[in-house]
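# Summary of the model geometry
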Amino acid sequence: MTGRIFNFSAGPAIMPLPVLEEAQRDLLSLPGVGMSVMEISHRSKTFDEIIQGAEAGLRDLLDIPKNYAVLFLQGGASLQFAMVPMNFLSPEGSADYVVTGSWGKKAVKEAQKFGAVNLAANMADGGFTRVPGQDELQLQPQAAYVHITSNETIGGVQFKREPETGEVPLVSDSSSDILSRPISVAKYGLIYAGAQKNMGPSGVTLVIIREDLLPRVRDGLATMLDYRTHVKDKSLHNTPNTWGIYIIGLVCKWLKDKGGLAAMQRENEAKAKLLYDVIDATDFYRGHADPDSRSSMNVTFRLSSEDLEKKFASEATAAGLDGLKGHRSVGGIRASIYNAFPRAGCAALVEFMKEFERQNG
Ligand SMILES: Cc1ncc(COP(=O)(O)O)c(C=O)c1O
């Protein structure tokens, strides 16, 4: 018995149990190495194999084309909010941002420090309940890039397909749905994602960047903030998050064993449907996002009052369903059901929701 509960946390989030078990087993000594992964040099042959293995795992799962570099950086997705414009947006230039929630808003705020931002769509008016259709986007052909948040973790609003941006590079903050479904990496100029939801522990940030964008990087940046540094030095310019990269490698192996991203997508959609079906069944629960834009990672809903939502979250915790309180900025209830979250946990939440409605409806 592990004593583990159903963990609906939005991130850092649940990890696959086999990954935790393997990391635990090898914590004191990697097989044949005699040292913990935390105790070896990032310049050692062993770590070289670990980082190359993690990169190969990601390339395989996401089918990353050869002309893209895979980077393991630090500073979280929040640093990428700044690094993207710092590298690609000049003071005379302009970038398009599609804002579908709080994280996109934060990305805009950083970008405005470096150049002009055109809000190609701002879904704030509708309360961030949906993604815009292609015909709603006010894209500029001369934009340095178009930025989207593929899945807004707080609102639970997700793009089901990428917007068409023509020749303008598409940049995506994919922190909360990376590896949850197959994507066509070739449609993107740059993808970034903090690891702590679907990939591994916090403290390591994945960046996938099309290499032909590198000549556009602005000169004069601090070495560590220049993408070219990390491409050239293969994420080893300084000491990377060795532990985080090791865990990402294990998560990739686990995903491969589970059948890869197409299998993951089927499972994630089936899990989300269990919850959305209960939400849709009566007026007791009110889903936040429009059905077409609903996230398969973060299921968000409201009850009739904040008091009832508080009661829901605290009784759920007592029933072994933890982390359901919505983000402090919006309230409500949020069930984060990333790759590692088991279907049995969704089924348990369904039963809890039905019983809670019987008692409080
Ligand atoms: C979509 C999205 N972007 C950015 C962030 C910020 O990530 P970090 O804490 O890694 O900077 C989060 C964190 O939850 C997120 O969900």
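For the structure, check the block above.
Conventions used here
Residues numbered from 1 in each chain as written. Predicted model: local features only at pLDDT ≥ 70, side-chain atom pairs only at ≥ 80, totals over all residues. Heavy atoms only, no water. Helix = DSSP H or I, 4+ residues; strand = E, 2+ residues; numbered from the N terminus. Buried < 20%, exposed > 50% of the residue type's maximum accessible area, 1.4 Å probe, protein only. Contact = heavy atoms within 4.5 Å. Near = heavy atom within 4 Å. Polar contact = N/O pair within 3.5 Å; in protein donor to acceptor, adjacent residues only side chain to side chain. Areas by Shrake-Rupley, 256 points an atom, 1.4 Å probe, with all protein chains shown as cover. 1 Å grid on protein atoms, 1.4 Å probe; cavity = no way out; pocket = protein on both sides within 12 Å on 5 of 7 lines; lining within 4 Å. Sits in = over half its atoms within 2 Å of the grid points. Nonpolar A, V, L, I, M, F, W, Y, C, P; charged D, E, K, R; others polar. Expected span 1.5 Å × (residues − 1). Pairing = 2+ DSSP bridges. Points joined across faces, edges and corners; volume = space filled by probe spheres on them.

### A short note on the side chain of Glu-309
By the element assignment, Glu-309 lies in helix α8 (residues 306-318). Residue class for Glu-309 comes out buried when judged on its relative accessible area of 5%. Setting aside its immediate chain neighbours within four residues, Glu-309 contacts Arg-302, Leu-303, Gly-332 and Ile-333.

### Some thoughts on the site of the ligand
Near the ligand you find Gly-76, Ala-77, Ser-78, Phe-81, Trp-103, Thr-149, Asn-151, Thr-153, Asp-173, Ser-175, Gln-196 and Lys-197, and these make up its full shell. Contact distances for the ligand include 2.7 Å between an oxygen atom and a side-chain N or O atom of Lys-197. Coverage of the ligand by the protein amounts to 84% of the 390 Å² it exposes when considered alone. The site holding the ligand turns out to be the largest pocket. The biggest single contributor to the shell around the ligand is helix α3 (residues 76-88), with four residues. Split by residue class, the shell around the ligand holds three nonpolar, seven polar and two charged.

### A word on helix α9 (residues 343-360)
For α9, built from 18 residues, the straight-helix expectation of 26 Å at 1.5 Å per residue is met to within 8% by its first-to-last C-alpha distance of 26 Å. Every buried residue of α9 is listed here: Gly-345, Cys-346, Leu-349, Val-350, Phe-352, Met-353 and Phe-356. On the buried face of α9, the contacting elements are β1 (6-7), α7 (260-281), β12 (298-302), α8, β13 (321-322) and β14 (333-336).

### Some details on the sheet that holds β14
The strand order across the open sheet formed by three strands is β11-β12-β14, and the pairing between neighbours is antiparallel. With one partner strand each, in any of the chains shown, β11 (286-287) and β14 form the two edges of the open sheet. Of the strand pairs in this sheet, β11 and β12 are connected by two bridges, and their pairing is antiparallel. Paired with Gly-287 across the strands is Phe-301, a residue of β12.

### Description of the layout of surface pockets
Here the largest pocket is characterised by a volume of approximately 380 Å³. Taken together, 23 residues make up the lining of the largest pocket; nearest its centre are Gly-11, Trp-103, Thr-153, Gln-196 and Lys-197. Contributions of two or more residues to the lining of the largest pocket are made by α3 and β14. For the lining of the largest pocket, the leading source of residues is α3, giving four residues. Each residue belonging to the lining of the largest pocket can be placed in one class, and the counts come to six nonpolar, 13 polar and four charged.

### Here we look at the pairing of strand β5 (residues 146-149)
Here β5 shows a buried face lined by Val-146 and Ile-148 and a second buried face lined by His-147 and Thr-149. As judged from the two bridges shared by strand β3 (residues 94-99) and β5, these two strands associate in the parallel manner. Looking at the pairing, Tyr-97 lines up with His-147 of β5. As paired strands, β5 and strand β8 (residues 170-173) are joined by four bridges and run parallel to one another. In the strand pairing of β8, His-147 is matched with Val-171.

### A short note on empty space enclosed by the protein
Applying the stated criterion across every chain, the model contains two cavities of 30 Å³ or more. Looking at the largest cavity, its volume works out to about 70 Å³. Forming the walls of the largest cavity are 13 residues, and the residues nearest its centre are Ile-14, Pro-16, Lys-197, Asn-198 and Met-199. Taken together, the residues of the lining of the largest cavity break down into eight nonpolar, four polar and one charged. The calculated volume of the second largest cavity comes to roughly 40 Å³. Every residue along the wall of the second largest cavity is listed here: Gln-158, Lys-160, Ser-180, Arg-181, Gln-265, Asn-268, Glu-269 and Ser-296. Ranked by residues supplied to the lining of the second largest cavity, first place goes to α7 with three residues. Each residue belonging to the lining of the second largest cavity can be placed in one class, and the counts come to no nonpolar, five polar and three charged.

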